[in-house]
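Notes for the structure review
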Amino acid sequence: MSKNTDELFKNVIAHAKEYGFVFPSSEIYDGLSAVYDYGQFGAELKNNIKTYWWKSMVQMHDNIVGIDSAIFMHPKIWKASGHVDGFSDPMIDNKDSNKRYRADQLLEDRIAKLDEEGKTSEAEELQVEMDNALKAENLPRLRELIIEQNIKCPISGTTNWTEVRQFNLMFSTRVGAIADESDTIYLRPETAQGIFVNYLNVQKSGRMKIPFGIAQIGKAFRNEVIARQFIIRMREFEQMEMQYFVRPGTQAQWFDKWKETRLKWHPALGTDAAKYRYHEHTKLAHYADAAYDIEFEFPFGFKEVEGIHSRTDFDLSQHQQFSGKKMQYFDPEIDPATEKPYGNYIPYVIETSIGLDRMFLLTMINAYREEDLSTDEKQDSRTVLRLHPCLAPVKAAVFPLIKKDGLPEKAREIMDSLKLDFNLQYEEKDAIGKRYRRQDAIGTPFCITVDHQTLEDNTVTIRHRDSMKQERVAADQLDKIIGDLVSWKNLLK
Ligand code: GAP
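In what follows, the accompanying structure is described. On a predicted model such as this, the values are computed, not experimentally measured, just so you know.

A word on unusual backbone geometry. Where the residue is not glycine, phi is negative for most of them; where a peptide bond is considered, it is trans in most cases. With omega at 0°, the peptide bond leading from Ile210 into Pro211 counts as cis. Mapped onto the elements of the fold, Pro211 is located in the loop between helix H9 (199-205) and strand E9 (212-221). Unusually for a residue other than glycine, Arg207 sits at a positive phi of about 45°. Positive phi, normally seen in glycine, also occurs at Met468, with a value near 60°. One can find Met468 in the loop between strand E22 (459-464) and strand E23 (470-474).

Laid out in structure tokens, this is it:
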């Protein structure tokens, strides 16, 4: 990370805290690693991102519906899904510092360093060696590579490493009062399984016909070995997932469709399309026959934001086997090849899975600007979040010019007329310029000032966040002006 991008990232994190977007969790107890809380504006922004995803994925498709399944599920689900046996990361401990690392991340850092030093062929060679070892689950080879590369623990500075071991990422806890083995349950590491186990409930109750999708937004939990880069890798995070159930044999075509559709969704928010790229998985998860990530160029490099996975019939077949319940769908449509109904089969599944917290960070970074507003006469600057108006936590702020002469009462009256439709803020403290700066910092698209003229002709000044231009408008036009800009139609059309 160059000094500038490093500084930009640090500034965004500091801004997120100072203005009530993201706080370290349990801060007064010195925090809890890889866990964060969303503050008053963060919660609004997060909700707006969820709304955008939900509207575009669920409400804009007549064959996709949304559910909200429980975090706790029968423990056999995680056996069937392969998570109990296979959802792990290779880790290694340094015996001197007692610090634990992900073996693949130590090697990835080394590859990045070799690249930075211009040793491209060495970097490529190491990448291939590491990929091969990961694919073959050859843990001793991963350790050998760490030793060969003379990778030292950043804390102790030594190469005194343990063996590499697999570390399961699921959190477990106990349900009920009696503590025996059978009471162990897991906090879900992905929301997808709640969709798989409900797919026939939804299909039957909603009379859904293939192809159809089921979407869900919810918390997922992973005991990540290494917490890094703020809210990029957390132990408690949120996913927005959609499983699309298709006829076997059509999965490649639906995979391509969803891969394209999802990439187009992102720049609609105003993000530069050049900052996105696909990354094809070489090492596929146990359930997939094809997988692409959508990556975004964060200040610290390209990182996965969303995964598009072709999950075959793996999950449904596994649940059929483990639960003993039929997971088949009856397809009454006529197969032109046989001129008979397609009949019973287990559908194939295409999954789109986006991390809400990564999307949140991407949105903050994309919106954050430090602008120099200096003129010949005076030095000036502002920090502004140029958020898409639909995502802005507060849509408009209402200010009385001064705290007397009936202006606060008039401002409150205007607020009352708008607050049924929009999330608003009322501010009367400090000079107007300072109030503008506070609203710029949280991304509020409009500031409305009530002055003495308002009492005479019911007009107000409206100031636009991005252009900083001000205009005088009739107060009864405000709902239309604000509504036109923040309407979800602008994004969804
Ligand atoms: N159901 C498929 C699945 O869970 P994944 O690639 O492991 O796939 C999907 O996760 C998305 O969830 C990722 O693209 C990422 O945005 C987000 N994600 C995964 N682990 C995360 C973590 N520890 N912290 C924050 N977001 C995470």
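Each pocket or cavity is described by its volume, and for the second largest pocket that value is around 200 Å³. For the second largest pocket, the full set of lining residues is His74, Lys76, Ile77, Ala80, Val197, Leu200, His319, Phe322, Ser323, Lys325, Lys326 and Met327. Of all the secondary structure elements, the ones that give two or more residues to the lining of the second largest pocket are helix H3 (75-80) and helix H11 (314-323). The residue inventory of the lining of the second largest pocket, partitioned by class, reads 6 nonpolar, 3 polar and 3 charged.

Let us look at the packing of aromatic side chains. In the structure shown here, the tally under the stated rule is 20 aromatic pairs. Pairing Tyr52 with Trp265 gives two aromatic rings, centres 4.6 Å apart and planes at 10°, and the pair type is stacked. Of the two residues, Tyr52 sits in helix H2 (residues 40-59) while Trp265 sits in helix H10 (residues 251-265), which places them 213 residues apart along the sequence. Across the pair, Trp265 and Tyr52 agree in class, each one buried. Between the aromatic rings of Trp53 and Trp54, the centroid separation amounts to 6.4 Å while the plane-to-plane angle is 50°, which identifies the pairing as tilted. Above the ring of Trp265, the side-chain terminus of Arg262 is found at 4.3 Å from the ring centroid. The ring of Tyr436 carries Arg463 above its face, with NZ or CZ at 4.3 Å from the centroid.

Further remarks concern the packing of helix H5 (residues 103-116) against helix H7 (residues 139-148). Look at H5 against H7: their axes get within 10 Å of each other, and the N-to-C directions meet at 35°. In the crossing of H5 with H7, the sense of the turn from one axis to the other is left-handed. When H5 is examined against H7, the residues Ala103, Leu106 and Leu107 are found in contact with a partner set consisting of Leu142, Leu145 and Ile146. For the contact of H5 with H7, a count of residues per class yields 6 nonpolar, no polar and no charged.

Attention shifts here to the environment of Gly355. Mapped onto the elements of the fold, Gly355 is located in strand E16 (residues 348-355). Counting along the chain gives 248 residues from Gly355 to Leu107, while the straight-line C-alpha distance between them is 25 Å. Residue contacts for Gly355: discarding those within four places in its chain leaves Glu238 and Val305.

Relative to strand E15 (residues 340-345), strand E14 (residues 329-335) runs antiparallel, the two sharing 5 bridges. Bridging across to E15, Tyr329 finds its partner in Tyr345. Between the end of E14 and the start of E15, which pair antiparallel, lie 4 residues, with Glu339 showing a positive phi angle near 60°.

Okay, the site of the ligand next. Around the ligand, the surrounding shell holds 21 residues, and the nearest of these are Glu190, Glu224, Glu241, Glu304 and Val305. Separating an oxygen atom of the ligand from a side-chain N or O atom of Arg222 is a distance of 2.9 Å. Listing elements by their share of the shell around the ligand, those giving two or more residues are strand E10 (236-246), strand E13 (301-312) and E16. By residue number, the principal contributor to the shell around the ligand is E13, which donates 6 residues. A class-by-class count of the residues in the shell around the ligand yields 6 nonpolar, 5 polar and 10 charged.

Across the sheet, which stays open at both edges, the 5 strands sit in the order E20-E19-E21-E22-E23 with mixed pairing between neighbours. Unpaired on one side and paired on the other, strand E20 (424-426) and E23 mark the two borders of the sheet. The mean angle between the axes of side-by-side strands here comes to 25°, regardless of whether they run parallel or antiparallel. Sheet analysis places strand E19 (residues 396-400) next to strand E21 (residues 446-450), joined by 5 bridges and oriented parallel. Residue Ala397 lies in a different strand from E21, and its bridge partner there is Cys447.

Here Glu241 lies in strand E10. Here Ala192 takes part through its backbone nitrogen, which lies 2.7 Å from a polar atom of the side chain of Glu241. For Glu241, the residues in contact, after removing those within four places along its chain, are Trp53, Glu190, Thr191, Ala192, Ile195, Ile214, Ala215, Gln216, Glu351, Thr352 and Ser353.

The rules we used
Residues numbered from 1 in each chain as written. Predicted model: local features only at pLDDT ≥ 70, side-chain atom pairs only at ≥ 80, totals over all residues. Heavy atoms only, no water. Helix = DSSP H or I, 4+ residues; strand = E, 2+ residues; numbered from the N terminus. 1 Å grid on protein atoms, 1.4 Å probe; cavity = no way out; pocket = protein on both sides within 12 Å on 5 of 7 lines; lining within 4 Å. Points joined across faces, edges and corners; volume = space filled by probe spheres on them. Nonpolar A, V, L, I, M, F, W, Y, C, P; charged D, E, K, R; others polar. Phe/Tyr/Trp six-rings, centres within 6.5 Å; stacked < 30°, edge-to-face > 60°. Buried < 20%, exposed > 50% of the residue type's maximum accessible area, 1.4 Å probe, protein only. Lys NZ or Arg CZ within 6 Å of the ring centre and 35° of its normal. Axes fitted to C-alpha atoms, helices over the stretch in contact; angles between N-to-C directions. Left-handed = near helix turned anticlockwise from the far one by under 90°. Contact = heavy atoms within 4.5 Å. Pairing = 2+ DSSP bridges. Near = heavy atom within 4 Å. Polar contact = N/O pair within 3.5 Å; in protein donor to acceptor, adjacent residues only side chain to side chain.

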